[in-house]
Structures are given as structure tokens and as C-alpha cells.
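Residue strings, one per chain:
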Amino acid sequence: MKSGKVCPASSLFILMKTTCLSEGKGYHFPPCHMLNIGGFQLLFDCPLDLSALSVFSPLPTNLSSLFDESVGECTCEASSISDCGWKRKQKVDKSLDTSSLIHAEPWYKTVKSLKLWNISFIDVVLISSPVGMLGLPFLTRNRNFSAKIYATEATARLGQLMMEDLVKMHNEIRQFYGPEESTCPEWMKWDEVELLPSAIREILWGRDGDLCGWMPLYSVADVKGCMQNVQSLKYAEEACYNGTLLIRAFSSGLDIGTCNWSISSPKQRIAYLSSSIFASATATEIDYNPLRGSDVILFSDSTACDALDKLENEDDGFNPADKKASKFSSKDDDEESYTEFLQNEDKFAEELEKLAFLCSCSLDSVKAGGSVLIPIARLGVLLQLLECITLSLQSSDLKVPIYIISSVAEELVAFLNVIPEWLCKQRQDKFYSGQPLFAFMDLLNEKRLFLFPVLHSPELLSIWHEPCIVICPHWSLRIGPAVHLLQHWCGDKNSLLVMEEGFNANLAFLPFKSMEIKVLQCSFLSGMNFRKAEFLLKLLKPKYVLFPEKLKQGKSFVNQSFSVIYYLENETVKVPKLKDSSELDIGIDLACQLGYTKLEKEEMSIARLKGELLVEQGKNVLFSGKECAGSSETRPLLYLGGVNLENFLTTLQSMGINATVEEAMTTDGSDKTSLVHILGPKKALIEVTAARTIVSTDDEYLSALISKAICNILNIV
């Protein structure tokens, strides 16, 4: 193929526009964006804010706990759970206590702004992580939704397992409360919400003071229908949408299957940079090289914003006093130094130290006679923690059972053996050498690690032994086996609860009385900090970078080679036009037929061609048409250039035509014109402007002579 440039139709000059629907809140609630490129509407991620489940009361272990004054302070004589839960809200006291929670079947908080868009206009949905697809069934079950959904193989499968597990945990509560009596539950009524404490109202209402983002959970059938619409991609596999957008996914390093996106069109190349980290003990490391040279990068890693206030107190390997690190602050475009800084594993080492500390605390609790509850949902963190515990148990004489309780536990462990391309190099080497990917596989074979779908499984009850270590959902402490186990152990001071940071602990622990259990909260890497983001962008060298407005209020980028555009939630920003023309690939058979004419003044060569213009694999391509292009004799001649008056008069004189020139203005007075008067043998008037030449005469023979004179001084194409 030969490459050239073509000025496309005006419809292709549409500016790229993007709208941030949600800035997100950490790992479990990633950002959500809507992007318009070349007239195509792309949605990035569709998550659920599961932290909002904290406003609901968990399912009690027995019915009497709902009427326990120390828990619910309920004084009504109720014949049903629903009546009891809502008559108690007649209290005037708005203090935050267990009675403040909503005793009803939970609803789920979606991206509220997404409901304001016409989903029938969405063309493509790109999912960056398993948690980024938890809200997808709400879209796919809508009959007006027809978009193409893309996700990596690992994300698609893990997301499906998470959704199925969420539905099964929710069904336990649904069976307890029974079906809803109406489409709008009692707790959503305005007068009921106003009686709630401010901490709960803020979660329910959000910034805008409405409840339109809350929805009842989807069903298993909805999940199945959703997955039928998802096209899973292998690592770096190309997907072409409508022949125009070329879409590829590359590892973000955050967790197994998580990715950044590259979208190429005939006019521009865009990269979507989700939450990313540079080292992991489980997931494939971040692959940022394919994102180099992107015209636009949409930066959606909220961790950089959250870490701004900590930047002054952390060095992250960046110490100006250190000779080795001082080169990182150089103004020179030293790619080797940038790469070395990004691959600095200080933060990764800190992560491993945290996990080792968690493991040590867990084993100390077991030795003291207590049990350990780990309701952490991050797959990579869980695998590392389980690996650490396994190695510690194998090196000691401590015999303690480990239970993984989840409806998808067996499928999850089995799936880890079929996605080597999304695992780190160390795991890949083990896979290809026939070794177990993780050390805990040995515990499974030794019957020291057990997988069970539900807590009340007869098989589990027959082998249950305390103290023990239990890994189970859900981290919200409102649904799943974790609720029952925490209610069982919350009064044991020797037991341990391991939780992630980033949630309202007071609200989360509110339903659990006598909280004597030790609680260990720990933060894990959820993305890159500001400093690494800065150096990564220097390597990628985009033309434009779209940042959340929060970054504008913090540190500014120094000596950046790119333009910065800041965005706010629910505001549409436009990216200026990057190119006035597009590249055109011409088929070899057609290129061989071209006859070039060199224009000396313009320093270019031009040629006429005839073919069929198509858009394939994100490129403009010109092929030979069905009819042969033919020679110049079979098609009318085309002329190029301007009329030089001196040469024109000379040519007319050689034909025996007398003429004079008069300078004037056009009739509207907007431009200069030259009037050529033909005096004999016949009369004619020729108006010559920069854009056109008009010949006026009533003699056909004279008209032909004038046309011939004009053609003689123009270039033939």
C-alpha cells in the first residue's frame, strides 16, 4: 500500500468530546466516562458503588435480634419485619445508631449521571476491570441498548463470577424480606429519608439530593444476557468496530485482567489510562509502550488525585539529595531515567511488607485461640495474602484450617490456571514448567484449604473447626457469609478482622454489638501516584492529556510537552482538532496507474485517480473501482493553475486576437478582478479572478479560441 493524505468529508472533522459521568472512589468504584470520537459514542466502565450498601441493615442471624433494644431500639409491636423497620423511624432522634439503618431489601447505587443519557446512542462499551462491569446488566437488559461491549478474557470471566456471586448473596436477603410490594420501597419516600441521620442521607442523596441512581439488583438471567453481549479479547488482540475504530487492550498491572485501552481512528489515536501500577506479584505488569505517541490520553486514575496531599511526605524513590535519583528531575528528555524511575519497586516492597504483617497478625490471632475473618474482594491481594499464609504455615507446626466460602470459589480457583497471559512473569514461568501457580494449591491437596459455596453447607458444618481462617465476601459487611461470621466472632477479643481502608468504619460496624474483635485496616496499591503519572506521561509523549480538575488544585506538571485539559464531573469538554487531513492508503494496483504532474511553485506532485474509498481497520483505504481507471484519452482533461495575464495576452495575440486589460473590483466589492476586452475580429469580455475565469461572447468560434488559449497556459492533470 502507498500512503498519501486526503481531506475527508466535513463529518469527520467532529471534535472529540468527553464527559466524566463519575470520578469514582478507589478500586471498588472506578471512574466512568463517555467519549465521542468521530461521531461514535464510547462508554468506559459501568460500575456499582457497593460502599453505599452500608446504609442498609445486614441480615440478622435470628429474628429476635431485630427487636433487641440494644441493637435496634425498636419498641413497636410488629407482626412483620417491614412494619417494624419503618414504624421505628417516627423517632425524632437523628443520632446515628443501629436503628438508623434501613431494614429492607437493599437497592444498589449506580452511576446516576448515566441515566441522563439515551443509551440507544451508545455504540461501544469498554470495560477496564471486573468491578467496572458490575453495573452492566442494568444497561444490557434495556431493550434500547445495542452497543458492542469489549472486555479482556480475564475481566469478562472474573466480572461474570462477581456478578453471579453478588446475585446469590442478595437472594438470601430477598428470601428473608420477601418480594417488594411496589416499585418504590417505603424507605425511598421523601418524608422517610428526611428522618434519617445526615451521614446516611448524604450516601442516599449524594451531591444532587435525589435517589435516581438507586435500583433493585438484576437477576441471574440478566447476568447471562449481559455476558452474551460481551466480546472478550485476548491480550493485545485487535477489535475493529464498524471498520473505523481499532480497539486494543493492554495490561494496567492493577489486577488480573485489568487494562488500559488504545482506540485508533483515521484521524487520531486515543489512550484511556485507568488505574495502573508498575509492579505486581500476581498480575501482568503494566504495558505502556503501545500507548506511546497517542494524540490524546484520557487520564482516569483517581489514585493520583487522592495521593496529592501525601506527596510532600513521600519520596517514592525520588530523593533530590540522592545522586541516583537526582537525574530523574533533570529537564532533559531522558527516557532511560524515566523508565528506571517507573520501575522503582519501593512501593511494591512496601506492599509485600504489609502482606507479611497481615499474615503475622493472622497467625498470632490463631495461636491465641481466635479466628481470622478476611472479607477482602481484591483478587490479587487475596492471592498474595493466601500465598504468604501458606508459606508461613508450611514453615511452622501450626495446623489451622483455611476456608474459602463463596458461591464461585471453585470456578475462581480453576480459572486461574487458564489465563497465564494475565499473570506476572514469575507465575507464567511456573505455569509453563508444570509447577503449581500458587503455593496454596498444596494446601488444597493436603485437605488444609477448603472451598465451599455457602456457609450452611452440610459438608462444611461436618468439618468446621475453630480457630480457623476464613476468606469470604462481602467487604461491605452487609451481605454474604462475612455478616454471619462477624456476628459470631465480634465479641471475641482474640479474633481478627482484616479490612481494606477507604470506608466509613463507624457506619460499617454499627450493626455489630460488643465489637471486641481486633480490626486491622490496611490500604493497598490502587494506582499510580502523581509523581509516577508525571514521568509516565513524559515517556508516552501525547499531544493532549485530559485530567480531573482535582489535579489542577494540587501539583502542576513541570516542563510538560503536552497540552493539559481539565475536566469536572458531569461537564463535557472538547479536544481541539488535531489534524486537517487524514492519511490515505492506496492499493498498489491503483498506485501503479498514477501519472504525476509536478507543480514547481507548490513543490508537490499531483495525480488524477479513480477508485473506491473505504474505511477498514481504522484507516482510509482507496482501491481500484469496478471499472478500469483507463488512460487520459478516455476521460476529460483537467487543468490546474491560475491565469497569468501576460502569458494569456501573448497567446491571444499569436492567434490574431487583439485584447486589452482593465483592473476593476467584483460586483460585490469583495475582491479584485481583471477584465480582458477582446476588440477584434469579434468582441468578447473575459473576467479573471483568483478563483475563476468567465468568458462572455456570442460567437462560438471565438469562445473556443479563448478556451484553447486558457488551456495552453494551464497545467494538465
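Here, the structure is the one placed above.
Attention in this report is confined to the structure presented alongside it.

Parameters and conventions
Counting restarts for each chain: residues are numbered from 1 in the order of the written sequence. For a predicted model such as this one, the threshold for reporting local features is a pLDDT of at least 70, and the threshold for listing and counting side-chain atom pairs is 80 or more; totals across whole chains, interfaces and linings nevertheless cover every residue. Remark: hydrogens and water are excluded; side-chain values derive from all non-hydrogen atoms of the structure. The helix count covers DSSP runs of H or I at least four residues long, the strand count covers runs of E at least two residues long, and both are numbered beginning at the N terminus. Accessibility here uses a 1.4 Å probe with only protein chains present; expressed as a share of the type maximum, an area under 20% marks a residue as buried, one over 50% as exposed, and anything in between as partly exposed. By definition in these notes, contact holds between two residues if any of their heavy atoms fall within 4.5 Å. For accessible areas, the Shrake-Rupley method is used with a probe of radius 1.4 Å. Any residue's cover is judged against the shown protein chains and nothing else. Nine residue types can take part in a nonpolar core, namely buried Ala, Val, Leu, Ile, Met, Phe, Trp, Tyr and Cys, and a core is a set of them joined through side-chain atoms within 4.5 Å. Strands qualify as paired when DSSP identifies two bridges or more between them. Each salt bridge in this description consists of a side-chain nitrogen of Lys or Arg and a carboxyl oxygen of Asp or Glu lying within 4 Å of one another. Helix span, expected: 1.5 Å multiplied by one less than the number of residues in the helix. Aromatic pairs are defined between Phe, Tyr and Trp rings, using the six-membered ring for Trp, whenever the two ring centres lie within 6.5 Å; interplanar angles under 30 degrees are classed as stacked, those over 60 as edge-to-face, and all others as tilted. Axis definition: a line fit to C-alpha positions, over the contact stretch in the case of helices; interaxial angles, taken between N-to-C directions, run 0 to 180 degrees.

**Regarding the overall build of the protein chain**
A count of helices and strands for the protein chain gives 22 helices and 34 strands. Out of the 717 residues belonging to the protein chain, those deemed buried represent 52%. Relative to all contacts within the protein chain whose residues are 6 or more apart in sequence, the contacts with residues 24 or more apart total 68%. In the form shown here, the protein chain has an accessible surface area of approximately 33,600 Å², with 50% of it arising from carbon and sulfur atoms.

**Quick look at the nonpolar core**
Counting 60 residues, the largest nonpolar core has Leu136, Leu204, Trp214 and Tyr218 as its most contacted members. The biggest single contributor to this core is helix 3 (residues 153–177), with seven residues. With residues near it in sequence (within four places) discarded, Leu136 still touches Cys46, Val125, Ile127, Ile149, Cys226 and Val230.

**Some remarks on the pairing of strand 7 (residues 148–152)**
Burial analysis of strand 7 places four of its five residues in the buried class, which makes it a mostly covered element. Note that strand 7 and strand 9 (residues 230–233) share four bridges and pair parallel. Bridged to Tyr150 within strand 9 is Gln231.

**Comments concerning the pattern of salt bridges**
The tally for this structure, following the rule as stated, stands at twelve salt bridges. The partner of Arg448 in a salt bridge is Glu446, and the shortest N-O contact between them spans 3.4 Å. Among the residues examined, Arg448 registers a relative accessible area of 15% and is labelled buried.

**Digging into helix 3**
The end-to-end C-alpha distance of helix 3 is 37 Å, a good match for the 36 Å that 25 residues give at a rise of 1.5 Å each. Downstream of helix 3 by a residue or two, Gly178 has a phi angle that is positive, lying close to 85 degrees.

**Let's talk about the packing of aromatic side chains**
Counting across every chain of the model gives 19 aromatic pairs. Geometrically, the ring pair formed by Phe40 and Tyr241 is edge-to-face, given 5.6 Å between the ring centres and 85 degrees between the ring planes. Here Phe40, found in strand 4 (residues 40–44), pairs with Tyr241, found in strand 10 (residues 239–241); they are 201 residues apart in sequence, far enough to count as distant. Taking the relative accessible area as the measure of exposure, Phe40 reaches 13% and is therefore buried.

**Quick notes on the sheet that holds strand 22 (residues 563–567)**
Across the sheet, which stays open at both edges, the seven strands sit in the order 10-11-12-13-14-21-22 with mixed pairing between neighbours. This sheet does not close on itself; its edge strands, each paired only once, are strand 10 and strand 22. Strand after strand, the sheet turns through a mean of 20 degrees between neighbouring axes, direction not considered. This element, helix 18 (residues 530–540), spans strand 13 (269–273), strand 14 (296–299) and strand 21 (544–548) of the sheet and lies at about 160 degrees to strand 14.

**Concerning the sheet that holds strand 6 (residues 124–126)**
Taking strand neighbours across the sheet as the criterion, the seven strands line up as 9-7-6-4-3-2-23 in an open arrangement whose pairing is mixed. Two strands in the sheet have a free side with no partner beyond their single neighbour: strand 9 and strand 23 (572–575). Shown here is a sheet whose adjacent strand axes are inclined to one another by a mean of 25 degrees, direction ignored. Here strand 6 runs beside strand 7; their pairing, made up of three bridges, is parallel. Each residue of the ladder has a partner; that of Leu126, found in strand 7, is Tyr150. Contacting strand 7 and strand 9, helix 3 crosses the sheet at an angle of about 100 degrees to strand 7.

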